[in-house]
Amino acid sequence: MTVFTDETRQRAREIIARYPADRSRSALLPLLHLVQNEEGYVSPAGVEFCAEVLGLNKAQVGAVATFYTMYKRRPTGDYLVSVCTNTMCNVLGGQEVYDTLTEHLGVGHDETTADGKITLEHAECLAACDYGPVLTVNYEFFDGIDPQTAVGVVDELRAGGRPMPTRGARLCTLREMAVQLAGFADEREGAVADSGPGEPTLRGLRLAERHGISVPGFDPNTPIRSKAEAEQAAAAAKAAAAQPEPAKADAPPAPRDAKEAEAAGAAANPPASDAKPAGDEAGPQERSLKEAQK
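What you see is a predicted model; the values in this text were computed from it and never measured.

Draft legend 1. Spatial organisation of the overall build of the protein. Tallying secondary structure elements over the protein gives 12 helices and five strands in all. Buried positions account for 33% of the 294 residues belonging to the protein. Counting only contacts in the protein whose residues sit at least 6 apart along the sequence, the fraction spanning at least 24 positions is 62%. Carbon and sulfur atoms form 54% of the exposed surface of the protein, whose accessible area is close to 19100 Å².

Shown next, in the form of structure tokens:
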């Protein structure tokens with residue numbers, strides 16, 4: 001049985017501390033990456049370790065580890081080479097790339113070369129149809145490949161080199177990648193500062209810029225808030241929402257019946273006064289009455 005290092009155990013405690021105490025089992029996914037970093041795959045010992053630190057049984061851990069394909073259940077090479085053979089990449093030559101690598105490396109799907117460097121697999125989809133055919137090395141992309149360039153990539157890996165992906169960060173080994181997926185930074189200098197985004201990814205942005213399309217009120221110069229700033233803004237908004245609204249004048253009570261409603265209406269709209277305004281002369285009826293009295 002594997003004895004996990006003190007560093008791995010300390011990192012496991014750090015991962016678990018990220019979650020509320022009553023939801024510690026949510027730490028299982030990064031913990032599985034952590035043990036994969038130690039052994040190169042999720043071994044039975046790794047399953048037992050995760051179960052132990054989370055208070056779960058091995059069946060619960062094993063169910064998760066066998067569901068996700070990024071968790072390997074047997075020793076895997078330093079570099080996992082995945083070739084997309086789904087519809088779009090296949091039409092563009094993905095199957096030919098995979099078949100060429102199978103013959104060149106002498107391994108099939110989910111098999112590892114004798115030197116322990118390369119594990120080959122065909123992938124159903126790598127979500128990069130506009131760059132096809134594609135392969136990934138430890139999930140970093142090599143776009144628009146053909147059989148010859150694919151062979152060049154794996155040969156460089158086996159010779160100890162690290163070819164530069166088309167997009168994304170520079171290559172690292174499977175174990176190095178696993179500790180990053182567990183939530184720990186890549187400590188290599190400039191590790192994530194090399195490649196930029198691909199042009200097909202930016203095509204929609206280019207069209208929006210050309211035609212003057214933007215989100216109403218969006219300011220590209222507005223800095224992205226840090227987590228602390230976002231939390232402060234949310235707290236301020238919550239406090240403002242909790243403030244009582246200004247008092248409003250009390251509305252008159254609703255009438256209890258039709259008679260009371262009629263009276264209320266009459267009070268609100270009194271009839272015009274019969275009294276004549278000051279300074280007006282007497283009307284015809286008043287003059288006739290005065291003459292009869294004489």
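This is not the end of the story, as more comes after the structure.
Draft legend 2. Structural view of a nonpolar patch on the surface. A contiguous nonpolar patch, built from Leu29, Phe67 and Tyr68 and spanning about 320 Å² of accessible area, is present on the exposed surface. For Tyr68, the position within the fold is in the loop between helix 4 (58-67) and strand 1 (79-84).

Draft legend 3. Region of the structure containing helix 4. Every buried residue belonging to helix 4 is among Val61, Gly62 and Ala65, and all of these are buried. Each buried residue of helix 4 sits inside an arc of 100 degrees when the element is viewed along its axis, so together they form one side. The exposed set on the far side of helix 4, more than 90 degrees from its buried face, consists of Ala59 and Phe67. The secondary structure elements touched by the buried residues of helix 4 are helix 2 (28-39) and helix 3 (44-54). Two or three places before Ala59, at the opening of helix 4, Asn57 has a side-chain oxygen 3.1 Å from that residue's backbone nitrogen.

Draft legend 4. Inspection of the side chain of Thr85 at higher detail. Relative to the helices and strands, Thr85 is located in the loop between strand 1 and helix 5 (87-92). Among the residues examined, Thr85 registers a relative accessible area of 12% and is labelled buried. For Thr85, the contacting residues outside a window of four places in its chain are Asn90, Gly94, Gln95, Tyr98, His122 and Ala123.

Draft legend 5. Looking closely at the sheet that holds strand 1. With mixed pairing, five strands are arranged side by side in an open sheet as 2-3-1-4-5. This sheet does not close on itself; its edge strands, each paired only once, are strand 2 (111-112) and strand 5 (140-142). Where strand 2 lies against strand 3 (residues 118-123), two bridges are found, and the strand directions are antiparallel. Pairing of Glu111 across the sheet is with Leu120, part of strand 3.

Draft legend 6. Expanded view of the pairing of strand 1. For strand 1, the tally of buried residues reaches six of six residues, placing the bulk of the element in the interior. Burial of strand 1 is two-sided: the residues Tyr79, Val81 and Val83 facing one way and the residues Leu80, Ser82 and Cys84 facing the other way are all buried. As paired elements, strand 1 and strand 4 (residues 135-137) share three bridges and run antiparallel to each other. By the bridge assignment for strand 4, Val81 is matched with Val137.

Draft legend 7. Region of the structure containing the pattern of salt bridges. Taken as a whole and assessed by the stated rule, the structure comprises eight salt bridges. With a closest N to O distance of 3.9 Å, Arg9 and Glu52 form a salt bridge. Here Glu52 lies in helix 3 and Arg9 lies in helix 1 (residues 6-17), a separation of 43 residues in the sequence. The exposure class of Arg9 is partly exposed, given its relative accessible area of 28%. The shortest N-O distance in the salt bridge between Lys72 and Glu121 comes to 3.4 Å. Residue Lys72 is located in the loop between helix 4 and strand 1, and its partner Glu121 is located in strand 3; the two are separated by 49 residues in the primary sequence. Under the relative-accessibility criterion, Lys72 is labelled buried at 8%. Note on Glu121: relative accessible area 12%, which makes it buried.

Draft legend 8. Focus on the packing of aromatic side chains. Enumeration according to the criterion identifies three aromatic pairs in this entry. Note on Phe67 and Tyr68: the rings are 4.9 Å apart at their centroids and 85 degrees apart in plane angle, and the pair reads as edge-to-face. Assessed through its relative accessible area of 39%, Tyr68 is described here as partly exposed. Here the aromatic rings of Tyr68 and Tyr71 are separated by 6.2 Å at their centres, their planes lie at 85 degrees, and the arrangement is edge-to-face. By way of ring pairs, the aromatic residues Phe67, Tyr68 and Tyr71 are connected into one cluster. Residue placement shows Arg11 over the ring face of Phe184; its charged tip is 4.9 Å from the ring centre. The ring of Phe184 has Arg18 lying over it, and the distance from NZ or CZ to the ring centre is 5.0 Å.

Draft legend 9. Main features of the nonpolar core. If you look at the biggest cluster of nonpolar residues, it comprises 23 residues, and the most contacted ones within it are Ile15, Leu28, Leu31, Leu32, Val42, Cys50 and Val61. Taken together, the elements giving at least two residues each to this core come down to helix 1, helix 2, helix 3 and helix 4. Ranked by the residues each element gives to this core, the list is headed by helix 3, at six residues. The residues contacting Ile15, other than those within four sequence positions of it, are Ala27, Pro30, Leu31, Leu34, Ala182 and Phe184. The next biggest cluster of nonpolar side chains, apart from the first, holds 20 residues, and it includes Leu105, Val107, Val137 and Val153.

Analysis parameters
- Residues numbered from 1 in each chain as written.
- Predicted model: local features only at pLDDT ≥ 70, side-chain atom pairs only at ≥ 80, totals over all residues.
- Heavy atoms only, no water.
- Helix = DSSP H or I, 4+ residues; strand = E, 2+ residues; numbered from the N terminus.
- Buried < 20%, exposed > 50% of the residue type's maximum accessible area, 1.4 Å probe, protein only.
- Contact = heavy atoms within 4.5 Å.
- Areas by Shrake-Rupley, 256 points an atom, 1.4 Å probe, with all protein chains shown as cover.
- Patch = residues over 30% accessible without salt bridge, like charges linked within 9 Å, V, L, I, M, F, W, Y side chains within 5 Å.
- Salt bridge = Lys/Arg side-chain N within 4 Å of Asp/Glu carboxyl O.
- Arc of directions from axis to C-beta.
- Polar contact = N/O pair within 3.5 Å; in protein donor to acceptor, adjacent residues only side chain to side chain.
- Pairing = 2+ DSSP bridges.
- Phe/Tyr/Trp six-rings, centres within 6.5 Å; stacked < 30°, edge-to-face > 60°.
- Lys NZ or Arg CZ within 6 Å of the ring centre and 35° of its normal.
- Core = buried A, V, L, I, M, F, W, Y, C linked by side-chain atoms within 4.5 Å.

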